[in-house]
Amino acid sequence: MDRRPPFECIALLLQGGGALGSYQAGVYEALAEADLHPDWVAGISIGAINAAIIAGNPRAERVAKLCAFWESVTANPWADWMTGVPQWTPRGDSARSLFNQMSAAKALFDGAAGFFAPRRPAPWLQPLGSPEATSWYDTGALKSTLERLIDFDRLNSGETRFSVGAVNVRTGNFVYFDTTTHTIRPEHVMASGSLPPGFPAVEIEGEHYWDGGLVSNTPLQWVVDSQPRQDTLAFQVDLWSARGAFPRSLAEVATRQKEIQYSSRTRASTDQFKTMQRARHALAGLLSKLPPELRASEEAELLSAMADRKVYSIVHLIYRSKEYEGHSKDYEFSRLTMQDHWRAGYHDALRTLRHPEVLERPSNHDGVFTFDLAADGRE
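As the structure is a prediction and not an experimental result, all values here were calculated from the model.

1. Some points on the overall build of the protein
So, step 1. Helix and strand counts for the protein stand at 15 helices and 11 strands.
So, step 2. Relative to the 2.2 N^0.38 estimate, which gives 21 Å for 379 residues, the radius of gyration of the protein is 22 Å and therefore close to what a compact globule would have.
So, step 3. Expressed as a percentage of contacts within the protein between residues at least 6 apart in sequence, the contacts between residues at least 24 apart total 73%.
So, step 4. Taking the average location of the 39 positive side-chain charges in the protein and that of its 46 negative ones, the two points are 3 Å from each other.

2. Quick word on the side chain of histidine 188
So, step 1. In this structure, histidine 188 sits in helix H8 (residues 186-192).
So, step 2. At 3.0 Å, the side chain of histidine 188 and the backbone nitrogen of arginine 185 are in polar contact.
So, step 3. Non-local contacts of histidine 188, meaning those with residues more than four positions away in its chain, are made with Val164, Phe177, Thr183 and Ile204.

3. Description of the pairing of strand E2 (residues 40-43)
So, step 1. Because side chains alternate across E2, one face comprises the buried residues Trp40 and Ala42, and the other comprises Val41 and Gly43, equally buried.
So, step 2. Where strand E1 (residues 9-14) and E2 come together, 4 bridges link them in parallel fashion. Following the sheet pairing, alanine 11 is matched in E2 by tryptophan 40.

4. Focus on the nonpolar core
So, step 1. Of all hydrophobic cores here, the largest spans 71 residues; its most connected members are Phe115, Phe162 and Phe235.
So, step 2. The dominant element in this core, judged by the number of residues it contributes, is helix H2 (residues 46-55), at 8 residues.
So, step 3. Setting aside anything within four residues of it in sequence, one finds phenylalanine 235 in contact with Ile10, Ala11, Leu12, Leu13, Leu31, Leu36, Val315, Leu317, Leu353, Val358 and Leu359.
So, step 4. Among the nonpolar cores identified, the runner-up in size contains 13 residues, and Trp40, Val224, Ile314 and Val368 belong to it.

5. Re the pairing of strand E9 (residues 232-238)
So, step 1. Buried residues dominate E9, accounting for 7 of its 7 residues.
So, step 2. Of the pairings in the sheet, the one linking E1 to E9 comprises 6 bridges and is parallel in character. Residue pairing for E9: leucine 13 is matched across the bridge by glutamine 236.

6. Examining the side chain of arginine 119
So, step 1. Mapped onto the elements, arginine 119 comes out in the loop between strand E3 (117-118) and strand E4 (137-138).
So, step 2. No salt bridge is formed by the buried arginine 119; the nearest opposite charge belongs to aspartate 138, separated by 4.4 Å.
So, step 3. A polar atom in the side chain of arginine 119 sits 3.0 Å from the side chain of serine 135.
So, step 4. Setting aside its immediate chain neighbours within four residues, arginine 119 contacts Pro131, Glu132, Ser135, Trp136, Tyr137, Asp138 and Pro200.

The rules behind the values
Residues numbered from 1 in each chain as written. Predicted model: local features only at pLDDT ≥ 70, side-chain atom pairs only at ≥ 80, totals over all residues. Heavy atoms only, no water. Helix = DSSP H or I, 4+ residues; strand = E, 2+ residues; numbered from the N terminus. Rg over C-alpha atoms; globule rule 2.2 N^0.38 Å. Contact = heavy atoms within 4.5 Å. Lys, Arg positive; Asp, Glu negative; His and termini not counted. Charge placed at Lys NZ, Arg CZ, Asp CG, Glu CD. Polar contact = N/O pair within 3.5 Å; in protein donor to acceptor, adjacent residues only side chain to side chain. Buried < 20%, exposed > 50% of the residue type's maximum accessible area, 1.4 Å probe, protein only. Pairing = 2+ DSSP bridges. Core = buried A, V, L, I, M, F, W, Y, C linked by side-chain atoms within 4.5 Å. Salt bridge = Lys/Arg side-chain N within 4 Å of Asp/Glu carboxyl O.

Keep in mind these numbers describe shape, not what the thing actually does.
As structure tokens, then:
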């Protein structure tokens, strides 16, 4: 790029979605090639891990570290050997569906390298109230992986703002761990991705936290509502599409349920935000027309805190599943599928960035511009 887009903040917002998360890594690779480096990264669940790797490394190393993480958690010598032989690579939807189901079954029974491992003995044989009794998998390996791939001093330096969402198990309240208010450690990142009953709650300062996706799987609201407000270009990278076909079987019902549950109604939230922005802009215009004596009134001062002319451009990049991907797609950790997801994210971002309006400052009355390649693209 010849120059930075005309925004005070470039934000990268990463949704949760387990094994689908390499799509976000592909998106980031394309953004980095376009010299679009985020000032703020916010994530939920697997999005929190990707976000931490981005914020916790220098620009030149981020893609390589993302690649190291995804190659680590999808390591499977048997499957890698099979798919490395052209005649053994699954072809067609039926063969690929079977391969994916086998890979997902392996993750269920064996876990994912450097990420999680099944508990042995099983949870019901563990002491009541212990982490071992309340989750199917041990995530101790993830802590080591995060410490190996992330420079937490850099992450906390303020160079890039970092936020991850989690849920307090005791109160049920949704919280954000943010570098403006917290010193982030591996535990904060792990808490954001501790989806029960698979993963154990993570203890932080005497409280226990679960995956933020239980309440909201998308960090958009946190970014657009934060103070002070800034002109913002936000790349919202979703792993679940809210739109989909009517299911024809129980397996498709399970898939559709996850898509609806974890898509977090991104479009609805964006529409709601547009309405609020329109009101802020109208209020700012109205206050500017008041005579000085009314503008100095207590009521006008109260309203002025809610009025501004900040602008937001929200660019949606949403992974769209293949026909052969079923309800296990978020825990299907094969190298082959990871690479497919990565490529999909990379090419979706490239196609999106070909539309020059994506990087332009909104000039409409609302002060909000939204772009979704599936709806607004011309390719």
